[in-house]
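# A structural walkthrough
Here are the chains, one letter per residue:
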Amino acid sequence: MRQGKVFEIPKELVWQSYQQVRKNKGSAGCDGQTLQGFEENRDKNLYKIWNRLSSGSYLPPPVLEKRIPKGDGKERLLGIPTVADRVAQGAVKIYLERHLEPLFDEDSYGYRPNKSAHDALEKCKRRCWQHSWVLEIDIQSFFDCVRHDLVLKTLEHHRVPRWLLLYCRRWLEAPSVNAENRETPAGRTLGTPQGGVISPLLANLFLHYAFDRWMRTKHPEVPFERYADDIVFHCNTMREAAKLKRELEERMKEVGLTLHPEKTQVVYVDTFERWNVKTEFTFLGYDFKLRTLKSPRTGKLARKCMPGASKKAMKEITQTVRNWRLHRSTEEGAKQLARRYNGMVRGWIAYYGKHWYRNFSYRLWSVLQSRLIKWVEAKYRLGPRAASHRLNLMKKEDPTLFAHWYLLRASDM
């Protein structure tokens, strides 16, 4: 090890982290440096990060605050690190993940390698068929309320290297700067910024001890799915669900968290009729409720609790498509429109369109197709029927031009 290096940190960690940052892209932080700008002097920048990490002199720059509107009218506060800081955080995350990942609970799905939201949704669906009652909980402002002392205590419990503990503490306490260039000083004791590379892993570590281990000890008989701070429990009776809710409220208080009073609810998901109880819930953008399904094998109809794209998600997608104002893009051709919007449409389809209850496919197809017909009407000055016919000819000529066309291949539009 070179003289002056306090910590023995492999350069390989910094290089692997850079590759992940490059793959994920992302916007500039408070210093205004883009990924492209970072790469203009890549080797020097990477060496500088490694050198400062190894010498113990690395100090995180402020995270850039960015406010994202939420569906309930409120805002979600994100903290965007600089490109260099994302690389530094990623190096620590890679090292820490190798040691902690095998310890995490099998029913924890959020921000973990080889686990996904669809895995959690599939498990939730099957357990809804086995249990009549669901307790859905929402932790209020979770990322803003994570206690630093408890996170650092768990890291110390796992005897992580001194440099890792040092930098996790610095990132937790890092200052922030808003759009008006006002800086919030370092030294806070609560919260981990959403948007940080290391934040999801530290949040998972916190909840592993604050929640997962507690549940396995106190209620090993109750199955659950946790995706970060979104959690669904499966109970056999309403009384069992209500009792668990009261105990969870107490447990959350012990670790400095609060259950959202309106979004935490007990839901009935069986086929027998019940009065004055909620019969649907939302998990990871999917509405779970009783739906009428036709068996592909027997052709018989049956009622089952199934996930489908949520009303809220569809409303947001529909509004996004309308905001594109396709009928005003008359100077552009079909290929230009496809290049601009297909990426986002494929993302919607990948998340909502290929799984379980397929109501999403027709709804998305209908929304997009109606806007494209209006675009053809405006561009070629045609009536609705003629515009629909012209769009149909485009589809026959190039069936893969627009990403949503394959959703209803049998349709004549």
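Here is a short report on the structure shown in this document.

About the criteria used
Residues numbered from 1 in each chain as written. Predicted model: local features only at pLDDT ≥ 70, side-chain atom pairs only at ≥ 80, totals over all residues. Heavy atoms only, no water. Pairing = 2+ DSSP bridges. Helix = DSSP H or I, 4+ residues; strand = E, 2+ residues; numbered from the N terminus. Axes fitted to C-alpha atoms, helices over the stretch in contact; angles between N-to-C directions. Parallel < 35°, antiparallel > 145°, perpendicular 65-115°, else oblique. Left-handed = near helix turned anticlockwise from the far one by under 90°. Contact = heavy atoms within 4.5 Å. Buried < 20%, exposed > 50% of the residue type's maximum accessible area, 1.4 Å probe, protein only.

## Comments concerning the sheet that holds strand 10 (residues 286-294)
Hydrogen bonds along the backbone pair up the strands of a sheet, which may run parallel or antiparallel. A sheet is described by the order of its strands in space; here three strands give the open sequence 9-10-11, paired in antiparallel fashion. Because the sheet does not close on itself, it has two edges, and the strands there are strand 9 (280-283) and strand 11 (301-309). If you compare each strand with its neighbour and ignore which way they point, the axes differ by 45° on average. Taken together, the nine bridges between strand 10 and strand 11 define a ladder with antiparallel strand orientation. Opposite K289, over in strand 11, you have M306 as the bridge partner.

## Here we look at the packing of helix 1 (residues 11-24) against helix 3 (residues 42-55)
The geometry of a pair of packed helices is captured by two quantities: the angle between their axes and the separation between those axes. Between helix 1 and helix 3, the least distance of the axes is 10 Å, while the angle of their chain directions is 130°. Put simply, helix 1 runs oblique to helix 3. The way helix 1 lies across helix 3 gives a crossing that is right-handed. Two secondary-structure elements touch here, helix 1 through K11, V14, W15 and Y18 and helix 3 through R42, L46, Y47, I49, W50 and L53.

## Quick word on the sheet that holds strand 6 (residues 224-227)
Across the sheet, which stays open at both edges, the four strands sit in the order 6-7-3-8 with antiparallel pairing between neighbours. Each having just a single partner strand, strand 6 and strand 8 (265-268) make up the two edges of the open sheet. Averaged over all adjacent pairs, the angle separating strand axes in this sheet is 15°, with direction ignored. In this structure, strand 3 (residues 133-138) lies alongside strand 8, joined through four bridges in antiparallel fashion. Paired with L135 across the two strands is V266, which belongs to strand 8. Its contacts with the sheet place helix 5 (residues 117-130) against strand 3, strand 6 and strand 7 (230-235), and it is angled at close to 160° to strand 6.

## Regarding unusual backbone geometry
Despite not being glycine, K25 has its phi angle at roughly 60°, a positive value. Residue position: K25 is located in the loop between helix 1 and helix 2 (35-39). Accessibility expressed as a relative area gives 58% for K25, which makes it exposed. Phi at S141 is positive, roughly 45°, even though this residue is not glycine. Mapping S141 onto the fold places it in the loop between strand 3 and helix 6 (142-145).

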